[in-house]
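Reading the structure
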Amino acid sequence: MAQALAVAGTDFQCEVNNKAHRTADFGSNRLIVRRGDRFTVTVHFAGRGYQGAEDQISVIVETGLAPSVTSGTKAQFPLSNSLDESKWNAALVSSAGNQLSLSICSPANAKIGHYTLKLCTTQGQSTPFDLGKFILLFNPWCSDDAVFLDFENQRKEYVLNDQGLIYQGTKKLISHIAWNFGQFEDGIVDICLKLLDNSSNCLKNQEEDCSQRHDPVYISRIVAAMVNCNDDKGILQGNWGPDYSCGVPPTMWNGSITILRRWNKLGCQPVRFGQCWVFAAVACTVLRCLGIPTRPITNFNSAHDTEQNLRIDSFIDENGKISKKSKDSVWNFHCWIESWMTRPDLKPGYDGWQVIDPTPQEKSEGIYCCGPASVKAIKSGDIDQKFDSPFVFAEVNADYVSWLLCKDGSKKQIEVNHRLVGQNISTKAVGSDEREDVTHNYKYAEGSEEEREAFTKADMKNKLTQEPEKKFFLKLKAEKVNLNGADFEVSAVLSNQTSAVKNCRLILCAKTILYNGQSIQECSWKDLAKLTIRPHEEKTETLQVHYSNYGQSLTEHNQILIVALAMEYEAGELVVTRKVITLQNPDLHIKIIGEPVQYRDLTAEIYFTNPMPVNLCNGTFLVEGAGLTDEQKVPCPVQSIKPGQEVKVRVKFTPQKPGLRKLAVDFDCNKLKDVKGFKNVIVRPANK
C-alpha cells in the first residue's frame, strides 16, 4: 500500500492571483479573489508526491461558523480534468515531485466572506488537511455575477477608485469635498466583513444570514443598517448639532479609514459623530470593498416626508417666523449611495442602480435603513416596489406646501410648490473630478408625457395641474458669493403685474440653520408694515445681515435662511419665498515640495490666511490621503491668528500607491469650522 499523502504547506500564489482578480491593491500577503473566476494554489506534500493513478483527492471550501452544504456555505468536490465555472470545482494544473498545482473556480453566486480551504485524500485520512484561508468577494467583471457592470471605466471608478468627491452646499451654489474611501487600506476588508458578522440578522441566526451572503440586495440592506448604530452594533452615531463636544464633528472627517478602524478598535461601539455624507461615504467604502459597484449621490432640496403623504408642510406665522408644527423638512442637501445590481425580486426592468441610504431617518421593516430601491422604479413612479420606494420617491418629488399660521390658531394655505424638491442630483463623473448631474435618472423632463405617467402611477395627479400665472410675486436676490466673516445684504423684490394698487406688509427674516433645514437662531429681521406698490411696478427692499449677529450661531455648513413674506391687505393675498445663503470659507492653498514617487518621502506645504474680523485661536489641520498618508493631526503653529495673517504648516508623508491620489486637508478652529481643500498628487511608481 502506498504511503499516505501528507500536506507540508500551501502556496496561494497571492501576488499572481490577486493581480488576476483585480485585488492587488489589498496587498500580496493573503489571497483575496472574486467569485465566478478561477485561481491557482500549489500544495506541497511531505514525503511522496501526488500520483494520479492511485490518489483520489477532493477539495472542501467552507465559510461561516457553522458551514453546511444545505445552506450553501460548504462545498466538497473532487479533482477533475477541466473546470466548470457554474459551480465550485477544481482541476489539475500540474504535478511535479511533491508539488501539486490546482485551479479552483467558484460559482458567480457563491457566498462572499472568509473561507477555509481544505484537502481530503483517500489513504486512511480521517481529518481533512487545512490548506489555509482566503477571502471571496463579489465580481463585477463576471457577466454571471449579480453585480456585473459592463464598462471597464465604470468598474475602475465605482469599485477600484479609493478616493472621490462628495457634493454639498445648495442647489445654486454646489461645492464638493474630497473623500478617502480607502477600501484597500490595511485591515479594512476584515472590518467590512466583521460588520456583516455583527449585524442583527447574523447575531440572531448566523446560518440563515450566511446563506444569503450571495445576494447583493441582502448585503446592501445589511450595510445600510450597520453603518448607523440606531438599533444594532453599527459604526456611526448620528448628530446634527450644534453640540459635538463628546465626539468628532462630522465635518472633520476626510475619509472612512479612521472611522472604520476606530469602530473596530472600540469593540464595535459607535464612532461619534456622522451626518448624511459621512454615513453615505462609509457605506460606499464597505460596498466597494466587498466588490459591489457603488457611488455617492447628493440630492439638493431633499424632502424628508415623515407622514408618507408625498407632501412637505411648512408653517410660518404672521411675523415671518418659521414654526416647528410639522416634522416634515427639506434638507438643503442629502447624501445617499447608489449600488449596481440585478433585482430578481422585482418586476423586470428594474435592474441597475439602486438607492441605499444608511442615514437613520425612518424605519424600514422595523430597522433604521433604506433601500435598495430601484432608481428606474422611482423614475417610473412605481412606488410599490421594495424597498422603501415611497420614501425615496418623496425625497426627489414631494410637493412643498407653505401655510400661514394665524393668531387665532387657524391656518391658511399660501402656495404649493411642485418643483422645489429634488434638484441637481449629483455624483462625481467617471474618470474625472467633474460633477455629473444624474437628475434625469430620477425624473422625466418637466411637462413630458412620461412625467405625467409617472406621477399618475404614484398617485400624484395634483402635480399635473396647470399652475395659475402669478401677477403678484416676490423674489429674493443676493450676491453669488458671500464670505464668512463679512456683512452682507439680501434684496426682496416685490412685483405687481396687476392693474390694481397693492398695499401690503413685508416681513424679512434671516436665521442660521443646519443643513437639514433646522433653525438655530434669528440673526436679522425687518418688518415693513405699510408698503404700497403701484400697478406694473417693482419695489425693492433690503435686509442687512451682520457678522456680529450671525457669527456666534453659524454652524459648520455656513448656511443662513432668508424668508420673505408679503401680506396684501385688501384681498388677503399671501406670497412667500425662501433663499438659503451659503457663506464661503477661505481657500486652503496646498503646495507639494519635490517629485511624488512611491515609497519616497514627500512634503506638503499648507497655507491659510485669516479672513475673519476676529482672531482665530487653537487651530488644527487634519491631513489624509488614501495611498498617501494615514490621518495626521497638525496643530497650527500660531495659537492666535490675527485678521489678515497668513500661517503655513509643513506635513511629511510617504506615498504608498502610484497614480492620481488626493491629499485632503481640513482646518478647524474656535470661530471657523470646516475649511477644506484638497490637492491632486500624481505619484510615479517606484520602479519607473
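Provided above is the structure to which this section pertains.
The present account deals with the structure reproduced in this document. Each chain carries its own residue numbering, running from 1 in the written order of its sequence. The predicted origin of the model limits local features to residues at a pLDDT of at least 70 and limits the giving and counting of side-chain atom pairs to 80 or more, whereas totals for whole chains, interfaces and linings rest on all residues. To get the side-chain values, all heavy atoms of the structure are used, and hydrogens and water are removed first.

1. A look at the overall build of the protein chain
The following threshold applies: Helix and strand assignments follow DSSP, with helices taken as H or I runs no shorter than four residues and strands as E runs no shorter than two, numbered in order from the N terminus. As a reference, a globule follows 2.2 Å times the number of residues to the power 0.38, and the radius of gyration itself is taken over C-alpha atoms. Burial classification: accessible surface area is computed with a 1.4 Å probe over protein chains only, and a residue below 20% of its type maximum counts as buried, one above 50% as exposed, and the rest as partly exposed.
Along its length, the protein chain carries 13 helices and 41 strands. For the protein chain, whose C-alpha radius of gyration is 29 Å, the value lies close to the compact-globule estimate of 26 Å for 688 residues. If you line up the protein chain on its principal axes, its C-alpha atoms span 110 × 60 × 40 Å. Here the protein chain, with 688 residues, has 56% of them falling under the buried criterion.

2. Examining the pattern of salt bridges
Operational definition: Salt bridge, as applied in this entry: a Lys or Arg side-chain nitrogen positioned within 4 Å of an Asp or Glu carboxyl oxygen.
Evaluation of the coordinates by the stated rule reveals 34 salt bridges. Across the pair Arg 30 and Asp 190 runs a salt bridge, and its minimum N-O distance is 2.6 Å. Of this pair, Arg 30 sits in the loop between α1 (14-20) and β2 (31-34) while Asp 190 sits in helix α3 (residues 188-197), and the two are 160 residues apart along the sequence. Here Asp 190 falls in the partly exposed class, since its relative accessible area comes to 25%. For the salt bridge of Asp 162 with Lys 657, the shortest nitrogen-to-oxygen distance reads 3.9 Å. Residue Asp 162 is found in the loop between α2 (152-160) and β10 (163-170), and its partner Lys 657 is found in the loop between β39 (646-653) and β40 (659-668); the two are separated by 495 residues along the sequence. When sorted by exposure, Asp 162 lands in the same class as Lys 657, which is buried.

3. Quick notes on the sheet that holds strand β7 (residues 99-105)
We count it as follows: Strand pairing requires that DSSP identify at least two bridges connecting the strands. Fitted lines through C-alpha atoms serve as axes, helices being fitted only where they are in contact, and the angles separating the N-to-C directions of these axes extend from 0 to 180 degrees.
A sheet is described by the order of its strands in space; here nine strands give the open sequence β1-β3-β7-β6-β5-β4-β8-β9-β2, paired in mixed fashion. Edge positions in the open sheet fall to β1 (6-11) and β2, since each of these has one partner strand only. Averaged over neighbouring strand pairs, the angle between their axes works out to 30° when direction is ignored. In the sheet, β1 pairs with strand β3 (residues 38-46) via five bridges, with the strands oriented antiparallel. Counterpart to Gly 9 in the pairing with β3 is His 44.

4. Observations regarding α2
Every α-helical turn comprises 3.6 residues, leaving residues that sit three or four positions apart pointing alike. The cut-off we apply is this: Note on contacts: a residue pair qualifies if any of its non-hydrogen atoms lie within 4.5 Å across the two residues.
Residues of α2 that are buried include every one of Arg 155, Glu 157, Tyr 158 and Val 159, and no others. In the core, the buried residues of α2 are packed alongside β2, α8 (276-290), β14 (294-304), β18 (352-356), β24 (423-428) and β25 (435-437).

5. Topic: the layout of surface pockets
This is how the line gets drawn: Cavities and pockets are defined on a 1 Å grid built over the protein atoms alone: a cavity is a set of grid points where a 1.4 Å probe fits but cannot escape, while a pocket is an open set with protein on both sides within 12 Å along at least five of seven lines, and lining residues are those with an atom within 4 Å of any such point. Grid points are joined across faces, edges and corners, and a volume is the space filled by probe spheres set on the points. In this classification, Asp, Glu, Lys and Arg are treated as charged, Ala, Val, Leu, Ile, Met, Phe, Trp, Tyr, Cys and Pro as nonpolar, and every other residue, Gly included, as polar.
Within this model, the second largest pocket holds a volume of roughly 1,300 Å³. Ala 24, Asp 25, Lys 657, Pro 658 and Arg 661 are, among the 44 residues lining the second largest pocket, the residues nearest its centre. Considered class by class, the residues forming the lining of the second largest pocket number twelve nonpolar, 15 polar and 17 charged.

6. Observations concerning the packing of helix α6 (residues 216-226) against α8
The condition that has to hold: Angle categories are assigned with fixed cut-offs, so that under 35 degrees is roughly parallel, over 145 is roughly antiparallel, 65 to 115 is roughly perpendicular, and the rest are oblique. For any helix crossing, the convention is left-handed if the near helix is rotated counterclockwise from the far helix by under a right angle, and right-handed if that rotation is clockwise.
Contact pair α6 / α8: the axes reach a minimum separation of 10 Å and the direction vectors enclose 150°. By the criterion of interaxial angle, the relationship of α6 to α8 is roughly antiparallel. In terms of crossing hand, the pair formed by α6 and α8 is right-handed. Contacts from Ile 219, Ser 220 and Val 223 of α6 reach α8 at Ala 283, Val 286, Leu 287 and Leu 290. A breakdown of the residues in the contact of α6 with α8 according to their chemical character gives six nonpolar, one polar and no charged.

7. Re the side chain of Glu 605
The line we're drawing: In the analysis that follows, any N or O atom pair within 3.5 Å is treated as a polar contact, provided that within protein one partner can donate a hydrogen and the other can accept it, and provided that, for residues neighboring in sequence, both atoms belong to side chains.
Assignment of secondary structure puts Glu 605 in strand β34 (residues 602-609). Overall, the relative accessible area of 5% leaves Glu 605 in the buried class. At a separation of 2.5 Å, a polar atom in the side chain of Glu 605 contacts the side chain of Tyr 607. Setting aside residues up to four positions removed in sequence, Glu 605 forms contacts with His 589, Ile 590, Lys 591, Ile 593, Lys 648, Val 649 and Arg 650.

8. Notes on the sheet that holds strand β31 (residues 559-568)
On the basis of which strands lie adjacent, the open sheet formed by four strands has the order β29-β28-β31-β32 and antiparallel pairing. Because the sheet does not close on itself, it has two edges, and the strands there are β29 (519-533) and β32 (574-582). Averaged over all pairs of adjacent strands, the angle between their axes in this sheet comes to 15°, without regard to strand direction. Relative to β29, strand β28 (residues 502-513) runs antiparallel, the two sharing eleven bridges. Bridging across to β29, Ile 507 finds its partner in Asp 527.

9. Let's talk about the environment of Val 59
If you trace the backbone, Val 59 turns up in strand β4 (residues 58-63). Under the relative-accessibility criterion, Val 59 is labelled buried at 1%. Considered as a pair, Val 59 and Asn 205 are 146 residues apart in the sequence and their alpha carbons are 27 Å apart. Those residues within four positions of Val 59 in sequence are excluded, and the remaining contacts are Ala 75, Gln 76, Phe 77, Ala 90, Leu 102, Ile 104, Leu 117, Lys 118 and Leu 119.

10. Some details on the environment of Trp 525
In this fold, Trp 525 is placed in strand β29. Remark: the alpha-carbon pair of Trp 525 and Lys 363, spanning 162 residues in sequence, is separated by 38 Å. Beyond its immediate stretch of four places on either side in the chain, Trp 525 contacts Asn 319, Lys 321, Ile 507, Leu 508, Cys 509 and Leu 543. A polar atom in the side chain of Trp 525 sits 3.0 Å from the backbone oxygen of Asn 319.

11. Here we look at the pairing of strand β6 (residues 89-96)
Pairing geometry for strand β5 (residues 74-80) and β6, over two bridges, is parallel. Bridged to Leu 79 within β6 is Ala 90. Here seven bridges tie β6 to β7, and the two strands are oriented antiparallel to one another. The residue of β7 that forms the bridge with Ser 95 is Leu 100. In sequence, β6 turns back onto β7 through a hairpin of two residues, with Gly 97 there showing a positive phi of about 60°.

12. A look at the nonpolar core
Spelled out, the test is: The criterion is simple. A nonpolar core is a set of buried Ala, Val, Leu, Ile, Met, Phe, Trp, Tyr and Cys residues joined through side-chain atoms within 4.5 Å.
Ranked by size, the top nonpolar core spans 67 residues in total, and within it Trp 179, Ile 219, Trp 277 and Leu 290 carry the most contacts. Counting residues per element, the ones that place at least two in this core are β9 (129-137), β10, β11 (173-180), α3, α6, α7 (257-265), α8 and β17 (329-341). If you tally residues by element for this core, the top one is α8, at 13 residues. Setting aside residues no more than four positions away along its own chain, Trp 277 makes contact with Ile 166, Gln 168, Ile 177, Trp 179, Pro 250, Thr 251, Phe 333, Cys 335, Tyr 515 and His 557. Of all hydrophobic cores here, the second largest spans 54 residues; its members include Cys 504, Val 545, Leu 554 and Ile 560.

13. Regarding α6
The buried count for α6 comes to eleven of eleven residues, which makes it a mostly enclosed element. The N-terminus of α6 is capped by Asp 215, whose side-chain oxygen sits 3.0 Å from the backbone nitrogen of Val 217.

14. Describing the pairing of β9
Pairing of β2 with β9, which is carried by four bridges, proceeds in the parallel orientation. Looking at the pairing, Arg 34 lines up with Leu 137 of β9. In this sheet, β9 lies alongside strand β8 (residues 113-120) in antiparallel orientation, the contact comprising seven bridges. Residue pairing for β9: Gly 113 is matched across the bridge by Leu 136.

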